[in-house]
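Structural description and commentary
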Amino acid sequence: MIVSILDYGSGNVRSLVNAVKYLGYETEWIRDPAKVEDAECLIFPGVGNFGFVCDSLKEQGYFEPIRKYLASGKPFMAVCVGIQALFEGSTESPSSEGLGIFKGFVEKFDTQTKTVPHIGWNSCAVRSDLTHEYYGLRPHSKYYYVHSYMLPANKLSIPTEFKVATTVYEGEEFIGAIMKKNFFATQFHPEKSGLAGLHCLSSFLSGAFAVPIDGLASRLNETAVGGLTKRIIACLDVRSNDAGDLVVTKGDQYDVREKSAAGSEVRNMGKPVELCERYFKEGADEVTFLNITSFRNCPLRDSPMLAVLEKSAETVFVPLTVGGGIRDITDPDGTFHPALEVAGLYFRSGADKVSIGSDSVYAAEQYYQNGKTLTGKTAIETISKAYGNQAVVISVDPKRHYVDNPSVTSHHCVETSRVGPKGEKYAWYQCTVKGGREYRDLDVIQLVQACEVMGAGEILLNCMDQDGSNSGYDIELIRSVKQAVSIPVIASSGAGIPEHFEQVFNETNCDAALAAGIFHRQTCSIADVKKHLEKTGILVREA
Ligand code: 1PR
C-alpha cells in the first residue's frame, strides 16, 4: 500500500512521512486536489493555525475531493489541526470554514485556569470501553499534544458509529481521537509520540482497528493517573569546532572553550545526530538543538542545522526544536529571506518548533518603544500566525544584575538568596543578545510579557549565571517568569543531579525542565531522572 500525504503548505509534515517510512510503507505527496481520489490511504496532517490550514485547503480546491474521499470509505487519517478541520469552524479563526464532516466548533482552552497552549504528553482513552485498543490506543500510554484550541467533549455529539477517546487537561475534557474502521483522527501527534505513537500509526496502517487489551485490571488502575506530564528536554548546543567539524558543545556560563593548560579548544561532547538518537532512546520528551554561532552570517541553505534536523527526524519520534538564527536573513550574495521563510525551511527539515533568541529581544524593545503596539511584522508574529503560536519558543539568555535596593531601578527585581558579590540582596535579570555577548536595557519579565502578546507559545528560560554550574536551577528567576505569563515555561541551566529536577518542578510549577551537561557527561541518564521524579510523585512519561 502507498500512503498518500497531503502537502498543502502546513508545518512539519516531514516527521509524518518519516514515521510512515520507518514502519515500512512507501509514501507519496499529494500536491494536486485531482490526485486525492486516486489515493489508497490518505493522511491529512495539520500543523498550525485553523484559518491558515482551512483557507489554504479551500483556496487550493481540496474541500470537495477530501469529502468525496471520506465518503468512499478508504483509509483516512487526520492529525492535530487535521481533526479540527473536520468540524464546522473554530473560534481561532471565526471567518474560516471547516470541512463540516462533523457538527460543532473548535474552542480555546480556558486560559484563566491553566497554562495554554497544552503542550506535552497526556493520555487518550476510550473511557466508555477500556476492553480494547482502538488503533493501538492504550489507556495507560502518553501521547504528544501541542495545541491551544480543542474539541470540547461535553459539547460535541459524534455519531455513534465512531469510538471517541478523550483527554483531560486540568478539568477540561476534550476529544483526543475519533475512530471507526478505516478512519482515525487524532488531536495528538502519533508521529511525535515515541513508541506509543508509532504503535497507533502502525495499527491504523495495518488495519488493526480493535484489539482486546490484556492485563486490563492493572492498566485500569493506571488510567487514574491521567493528566499532563512534566517534560524532560535534552538540549544540544551545536557549533563548529576549530577543525571545522560540527559538534555538540557545552559551556560554563556560556563559555564553551576548555580551560586547560593544553589550550582552549571548543569542548566536544559528541555528534549532534548520534546524541539526539541516544536521548530519544533514553526517554527524552523533546530534544532541542541550538545553533550557538548563528550570529555569524552564512547562506541560509548552507545552515548545517538543516542536515542535522533532516537526519535526526528520520529516527527520532519526539518533538524537535531548533534555535539560533531564526530571524530575517540576508545571504552574503544579498538574497533576503524573511524570518517566516527561514522558519518554514526548518519546519520542512523536521523541526516542530523554532526558538527565537536575539530577535525576540529586539522585537520586545521595539514593542515598548512603540507604546506597546504590534507591527505584525516581527518574526514572532509572522511565524505564529502561519504555524500557530505553539510552534514559536522564545529562548531567553538572562544575566543576574545585582542591586542593593529595588528602588534604584525600574526593572523587575527579585529578592535573592544568592546574594551578590558585594552582599546585594536584590537582582533583576538583564536580557542579552548574540549568545550573551551583548547586554540590553530590558529585563526578563518585560521580554516574556511582550513576546507572549506577540504570539509566542512557550518560554525556554536559560540563566547565564547557572549555565553549566551543576548547582541547580535558578528557582527565583523561574518562579517570577512563570508568574508573569500564562504560556508554558521550560526551566533551563544548572541541573547537576536528579534532585534539581524535583526541586524545580515542586518549587516553581514550571512545565518542563531542560538540561545539557548532566546528560552529555552521563552523570545520570534521562531515564534515571524520570525514575527519581516518579518516586517523588511527579507525573512523567515512562522512559
Ligand atoms: O540569538 O536567536 O540566534 O539564538 C542563539 C541561541 O543560542 C540562543 O537560544 C542561545 O541561548 C544559544 N546560545 C548562544 N550561545 C550560547 C553559549 O552557550 N555560548 N547557548 C548558547 C546557551 C544554554 C543552554 C544550555 C542550558 C543547560 N544556551 O543551551 O543548554 O543552559 O545547560 P546545563 O544543563 O549544562 O546547565 P539566536
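For clarity, every value in this text was computed on a predicted model and none was experimentally measured.

Looking at the overall build of the protein chain
Within the protein chain, the regular secondary structure consists of 16 helices and 29 strands. Relative to a compact globule of 543 residues, whose C-alpha radius of gyration would be 24 Å, the protein chain shows 23 Å and is just as compact. The 543 residues of the protein chain split such that 52% are buried. The contacts of the protein chain with a sequence gap of at least 6 include a subset with a gap of at least 24, amounting to 71%.

A word on the packing of helix H8 (residues 304-315) against helix H9 (residues 339-349)
Each pair of packed helices gets described by two things: the angle between the helix axes and the distance between those axes. One way to put it is that H8 packs onto H9 with a least axis distance of 8 Å and a crossing angle of 30 degrees. In terms of orientation, H8 and H9 fall into the roughly parallel class. Contacts from Leu306, Leu309 and Glu310 in H8 reach Leu345, Tyr346 and Ser349 in H9. Split into classes, the residues belonging to the contact of H8 with H9 amount to four nonpolar, one polar and one charged.

Some details on the environment of Ile478
Its location among the elements puts Ile478 in helix H13 (residues 475-484). Sequence separation between Ile478 and Met150 is 328 residues, and the spatial gap between their C-alpha atoms is 28 Å. Beyond its immediate sequence surroundings of up to four residues, Ile478 is in contact with Leu461, Tyr473, Val489, Ala491, Val504, Thr508 and Cys510.

Notes on the site of the ligand
Neighbouring the ligand are 33 residues, the closest being Gly357, Ser358, Ser395, Gly435 and Gly517. Residue classes in the shell around the ligand are distributed as twelve nonpolar, 16 polar and five charged.

Thoughts on the domain arrangement of the protein chain
Taken domain by domain, the protein chain holds domain 1 (2-223) and domain 2 (231-397 + 431-535). Every contact between the two is made by 26 residues of domain 1 and, on the other side, 26 residues of domain 2. Elements with a minimum of two residues in the side of domain 1 that touches domain 2: helix H1 (14-22), strand E7 (118-122), strand E9 (143-147) and helix H5 (194-206). Broken down by element, the residue count for the side of domain 1 that touches domain 2 peaks at four residues, all from H1. For the side of domain 1 that touches domain 2, the class distribution of residues is ten nonpolar, 13 polar and three charged.

Considerations on the packing of helix H10 (residues 358-369) against helix H12 (residues 444-454)
Contact geometry for H10 and H12: axes closest at 9 Å, N-to-C directions at 85 degrees. Taken together, H10 and H12 sit at an angle that is classed as roughly perpendicular. Contact with H10, carried on its side by Ser360, Val361, Ala363, Ala364, Tyr367 and Tyr368, involves Gln446, Leu447, Ala450, Cys451 and Met454 of H12 and no other residues of that element. Of the residues assigned to the contact of H10 with H12, the class counts are nine nonpolar, two polar and no charged.

Observations concerning the nonpolar core
Membership of the largest hydrophobic core comes to 165 residues, with the highest contact counts inside it found for Val287, Val354 and Ala513. Counting residues per element, this core draws most heavily on H12, which supplies seven residues. Among the domains, domain 1 (2-223) and domain 2 (231-397 + 431-535) are the pair contributing at least three residues each to this core. Once residues within four sequence positions are removed from consideration, Val354 is found in contact with Val322, Gly323, Ile326, Ala343, Tyr346, Ile383, Ala391, Val392 and Val393.

Thoughts on the UniProt feature "active site" (unreviewed entry) in the protein chain
Residues annotated by UniProt as "active site" (unreviewed entry) correspond here to Cys80, His189, Glu191, Asp237 and Asp397. A maximum C-alpha distance of 31.5 Å among these annotated residues, which run over 318 residues, shows that they spread across the structure rather than meeting at one spot. As for its placement among the helices and strands, His189 is situated in the loop between strand E13 (183-186) and H5. Apart from residues lying up to four places away in sequence, His189 is in contact with Val79, Cys80, Tyr144 and Gly197. Mapping Asp397 onto the fold places it in the loop between strand E22 (392-396) and strand E23 (399-403).

A look at the sheet that holds strand E6 (residues 105-108)
Reading across the sheet, the three strands line up as E5-E6-E10 and stay open at both edges, with mixed pairing between neighbours. The open sheet has two free edges, formed respectively by strand E5 (89-90) and strand E10 (149-150), since each of these has just one partner strand. Pairing of E6 with E10, which is carried by two bridges, proceeds in the antiparallel orientation. Each residue of the ladder has a partner; that of Glu107, found in E10, is Met150.

Details of H9
Taken as a whole, H9 has its buried residues at Ala339, Val342, Ala343, Tyr346, Phe347 and Ser349. Summarising the axial view, the buried residues of H9 lie within an arc of 165 degrees, below the 170-degree limit, and thus occupy one face. Of the residues one or two after H9, Gly350 is the one with positive phi, at around 125 degrees.

Re unusual backbone geometry
Going from Val116 to Pro117, the amide bond is cis rather than trans, its omega being 5 degrees. Tracing the backbone shows Pro117 in the loop between E6 and E7. Phi is positive for Asn182, close to 70 degrees, though the residue is something other than glycine.

Describing the environment of Val322
Looking at the element boundaries, Val322 is found in strand E18 (residues 320-323). Residues Val322 and Val354 lie 32 residues apart in sequence; the distance between their C-alpha atoms is 5.0 Å. The contacts of Val322, once residues within four sequence positions are left out, are Phe289, Met305, Leu309, Tyr346, Ala351, Val354 and Ser355.

Thoughts on the environment of Arg440
Summarising the element assignment, Arg440 is placed in strand E26 (residues 438-443). Through-space distance from the C-alpha of Arg440 to that of Tyr254 is 17 Å; in sequence the pair is 186 residues apart. Apart from the residues lying within four places of it in its own chain, the contact partners of Arg440 are Val361, Glu365, Cys431, Thr432 and Val433.

Observations concerning the sheet that holds strand E3 (residues 41-46)
Across a sheet, paired strands are connected by hydrogen bonds in the backbone, their directions being either parallel or antiparallel. Strand order across the open sheet formed by seven strands is E2-E1-E3-E4-E13-E12-E11, with mixed pairing between neighbours. Looking at the sheet topology across the chains shown, the edges are occupied by strand E2 (26-30) and strand E11 (163-169). Taken pair by pair, the neighbouring strands of this sheet meet at an average axis angle of 20 degrees, ignoring direction. Across five bridges, E3 lies against strand E4 (residues 76-80) in parallel orientation. Considered in E4, the bridge of Pro45 is made with Val79.

The rules behind the values
Residues numbered from 1 in each chain as written. Predicted model: local features only at pLDDT ≥ 70, side-chain atom pairs only at ≥ 80, totals over all residues. Helix = DSSP H or I, 4+ residues; strand = E, 2+ residues; numbered from the N terminus. Rg over C-alpha atoms; globule rule 2.2 N^0.38 Å. Buried ≥ 20, exposed ≤ 12 C-beta atoms within 10 Å, placed from the backbone. Contact = placed C-beta atoms within 7 Å. Axes fitted to C-alpha atoms, helices over the stretch in contact; angles between N-to-C directions. Parallel < 35°, antiparallel > 145°, perpendicular 65-115°, else oblique. Nonpolar A, V, L, I, M, F, W, Y, C, P; charged D, E, K, R; others polar. Near = placed C-beta within 6 Å. Domains from an automatic or database assignment. Core = buried A, V, L, I, M, F, W, Y, C linked by C-beta atoms within 7 Å. UniProt positions renumbered as here; feature names shortened; annotations may be inferred. Pairing = 2+ DSSP bridges. Arc of directions from axis to C-beta.

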